[in-house]
Amino acid sequence: MSTADAPQALPEEPFRHTTVPFTRTPGPDGSEITGQVDFSQVPRFAGPSTFAGLPRLSDVGEAQAGVIGIPFDSGVTFRPGARFGPDQIRAASRLLRPYHVELDAFPFARHQVADVGNLAVTPFGIDRAIAAMLAGLDEARERAGRLVVLGGDHTIAYPSIRSLARRHGPISVLHFDAHIDTFGPYFGAETHHGTPFRRAAEEGLLDPEGCMHIGIRGPLYGPHDLADDRGYGFETVHASEFSTTGLAGILERTRARLGDRPVYVSVDIDVLDPSFAPGTGTPEPGGLSSRELLYLVRGLAGLHVVGADVVEVSPAYDHADITSLAAAHLAYEFLSLWGR
Ligand code: MN
Ligand code: MN
């Protein structure tokens, strides 16, 4: 037997960390906060596969903010695959570090943040899936406070808004997307990824004085596609306006529209140009850059953001994790808004 064939002796301590060494810091009220895995002891590619190496909710019991995945894509009308979004976004989030420079914030040290895991919902039957999402999101909000929901396709925004409206009443929606998503039925289906805001508006869950679409573009079937949208209270910033109005002006208009209302921010990753987010189901040329989108989300600091989602990341169409990296950073922006 040659040396190469000999069984290799395992190192004496092949895996020392039977318990994960998390960073721990005293919070503002003196209670101990469990932060990210201590990356000085565990390389960031070797720790648990939670969002940003944060503890699972079961590690800490309860939290004030959380990240939750809904791996559901049975509502898509074109390319599927967003069911694999949450875990790919988590994988891309391992590079996120604890200090947010622009906001001068340590988002994981001000209060407890946890990864709530994924909701297990059926891929067969949208109505049953939505009922399960609603129950899961209600329970998660009880235990983990404010949530960033990782899609999944955009259908998930509907139960997410419904769960928040139970607590806050009708809420504002700030909606980043290439598409308005107040469309009508498709192949007889009333609920799909192009209808979450129609469904929410019809149920009276939206504040008609404070909703906004940003990044809208691309061809439609006709002007009738836009007719109902106006009645739901959405003001629209088309992607083309980024060429004529400065970013700061768009942010100012957005902040004025939202005011001090409770606002849900929904980010369909296809609001980004396909060059910044190829990994998505219904790409439209002429979109925002990652820098523009991050600027606008960061610029919401001080507003009453009660929940957020990042949806429509479809890893099979991605290259070099471009899209899931953008999504991971967006989720980090929301956690940083809450952890200032
Ligand atoms: Mn879209
Ligand atoms: Mn959408």
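Note: the structure precedes this text.
Note that this is a predicted model, so its numbers are computed, not measured.

Analysis parameters
- Residues numbered from 1 in each chain as written.
- Chains lettered and ligands numbered in written order.
- Predicted model: local features only at pLDDT ≥ 70, side-chain atom pairs only at ≥ 80, totals over all residues.
- Heavy atoms only, no water.
- Donors = N, O, S within 2.8 Å, 3.2 Å for Na, K, Ca; no water.
- Helix = DSSP H or I, 4+ residues; strand = E, 2+ residues; numbered from the N terminus.
- Buried < 20%, exposed > 50% of the residue type's maximum accessible area, 1.4 Å probe, protein only.
- Phe/Tyr/Trp six-rings, centres within 6.5 Å; stacked < 30°, edge-to-face > 60°.
- Pairing = 2+ DSSP bridges.
- Axes fitted to C-alpha atoms, helices over the stretch in contact; angles between N-to-C directions.
- Contact = heavy atoms within 4.5 Å.
- Expected span 1.5 Å × (residues − 1).
- Core = buried A, V, L, I, M, F, W, Y, C linked by side-chain atoms within 4.5 Å.
- Parallel < 35°, antiparallel > 145°, perpendicular 65-115°, else oblique.
- Left-handed = near helix turned anticlockwise from the far one by under 90°.
- Nonpolar A, V, L, I, M, F, W, Y, C, P; charged D, E, K, R; others polar.
- Salt bridge = Lys/Arg side-chain N within 4 Å of Asp/Glu carboxyl O.

1. Focus: the coordination of the manganese ion (ligand 1)
For the manganese ion (ligand 1), every protein donor is listed as D177 (OD), H179 (ND1), D268 (OD), D270 (OD) and D270 (OD), and the spread of their distances is 2.0 to 2.5 Å. Of note, the manganese ion (ligand 1) draws all its donor residues from one chain, in the sequence arrangement D-x1-H-x88-D-x1-D. The two metals, the manganese ion (ligand 1) and the manganese ion (ligand 2), are separated by 3.3 Å and share D177 as a common coordinating residue. You can see H179 sitting in the loop between strand 6 (172-176) and helix 5 (196-202) and its partner D268 sitting in strand 9 (residues 263-268), a full 89 residues away along the chain. On the basis of relative accessibility, which here comes to 2%, the residue D268 falls in the buried class.

2. Observations concerning the coordination of the manganese ion (ligand 2)
Bound to the manganese ion (ligand 2) on the protein side are H154 (ND1), D177 (OD), D181 (OD) and D268 (OD), at distances that span 2.1 to 2.2 Å. Counting gaps between the donor residues of the manganese ion (ligand 2) yields the pattern H-x22-D-x3-D-x86-D. Residue class for D177 comes out buried when judged on its relative accessible area of 0%.

3. Here's the deal with unusual backbone geometry
Keep in mind that most residues, glycine aside, have a negative phi and that most peptide bonds are trans. Cis geometry is adopted by the peptide bond preceding G152, which originates at G151 and carries an omega value of 10°. Within the element layout of this structure, G152 appears in the loop between strand 5 (146-151) and helix 4 (157-168). Backbone geometry places D181, a non-glycine residue, at a positive phi of 60°. The topology assignment puts D181 in the loop between strand 6 and helix 5.

4. Comments concerning the packing of aromatic side chains
Two descriptors summarise a pair of aromatic rings, namely the distance from one centre to the other and the angle between the planes of the rings. Enumeration over the complete set of coordinates arrives at 4 aromatic pairs. Judged by centre distance (4.8 Å) and plane angle (35°), the rings of Y99 and F106 are tilted. Relative accessible area serves as the criterion here: at 35%, Y99 is assigned to the partly exposed category. Overall, F106 belongs to the partly exposed group, its relative accessible area being 47%. With a centroid separation of 5.9 Å and 65° between ring planes, the pair formed by F108 and Y332 is classed as edge-to-face.

5. A look at the sheet that holds strand 7 (residues 211-216)
Spatial strand order, 4-3-5-10-9-6-7-8: 8 strands in an open sheet with parallel pairing. Whereas interior strands pair on both sides, the edge strands pair on one side only; in this sheet they are strand 4 (113-118) and strand 8 (234-238). On average, each strand axis in the sheet is tilted by 15° relative to the strand beside it, whichever way the strands run. As defined by bridge partners, strand 7 adjoins strand 8 across 5 bridges and the pair is classed as parallel. Residue pairing for strand 8: H213 is matched across the bridge by T236. Of the strands in this sheet, strand 3 (65-70), strand 4, strand 5, strand 9 and strand 10 (305-311) touch helix 10 (residues 322-338), which is tilted by about 175° from strand 10.

6. Regarding helix 10
Between its first and last C-alpha, helix 10 extends 25 Å over 17 residues, near the 24 Å set by a 1.5 Å rise per residue. By the criterion of burial, helix 10 is predominantly enclosed, with 14 of the 17 residues buried.

7. Quick look at the nonpolar core
Judged by nonpolar contacts, the single largest core of 52 residues is most densely connected at F51, F176 and V265. Counting residues per element, this core draws most heavily on helix 10, which supplies 10 residues. Beyond its immediate stretch of four places on either side in the chain, F51 contacts V67, I89, R90, S93, L96, D115, L150, A328, A331, Y332 and L335. Among the nonpolar cores identified, the runner-up in size contains 20 residues, and I68, L119, I126 and A144 belong to it.

8. A short note on the side chain of S266
Along the chain, S266 turns up in strand 9. If sequence neighbours within four positions are ignored, S266 has contacts with H154, A157, L174, H175, F176, F197 and D309.

9. A look at the packing of helix 9 (residues 290-298) against helix 10
As a packed pair, helix 9 and helix 10 sit with axes 10 Å apart at the nearest point and diverge in direction by 15°. The orientation of helix 9 with respect to helix 10, classified from their angle, is roughly parallel. Both helix 9 and helix 10 take part in a crossing whose hand is right-handed. Residues S290, L293, L294, V297 and R298 of helix 9 pack against A326, H329, L330, E333, F334 and L337 of helix 10. Class assignment of the residues belonging to the contact of helix 9 with helix 10 gives a composition of 7 nonpolar, 2 polar and 2 charged.

10. Re the pairing of strand 1 (residues 22-26)
The sheet contact formed by strand 1 and strand 2 (residues 32-37) spans 4 bridges and is antiparallel. Pairing of R24 across the sheet is with T34, part of strand 2. Between strand 1 and strand 2, which follow one another and run antiparallel, lie 5 residues, and G30 among them has a positive phi close to 90°.

11. Points about the pattern of salt bridges
Under the defined criterion, the tally for this structure stands at 17 salt bridges. Here R162 makes a salt bridge to E203, at a shortest N to O gap of 3.8 Å. Taken together, the positions of R162 in helix 4 and E203 in the loop between helix 5 and strand 7 put the pair 41 residues apart, joining distant regions of the chain. Here R162 falls in the partly exposed class, since its relative accessible area comes to 25%. The class of E203 is partly exposed, set by a relative accessible area of 38%. R261 is the salt-bridge partner of D207, the closest N and O atoms lying 2.8 Å from each other. Of this pair, D207 sits in the loop between helix 5 and strand 7 while R261 sits in the loop between helix 8 (247-258) and strand 9, and the two are 54 residues apart along the sequence. Through salt bridges that share partners, E190, R198, R199, E202 and D228 make up one connected network.

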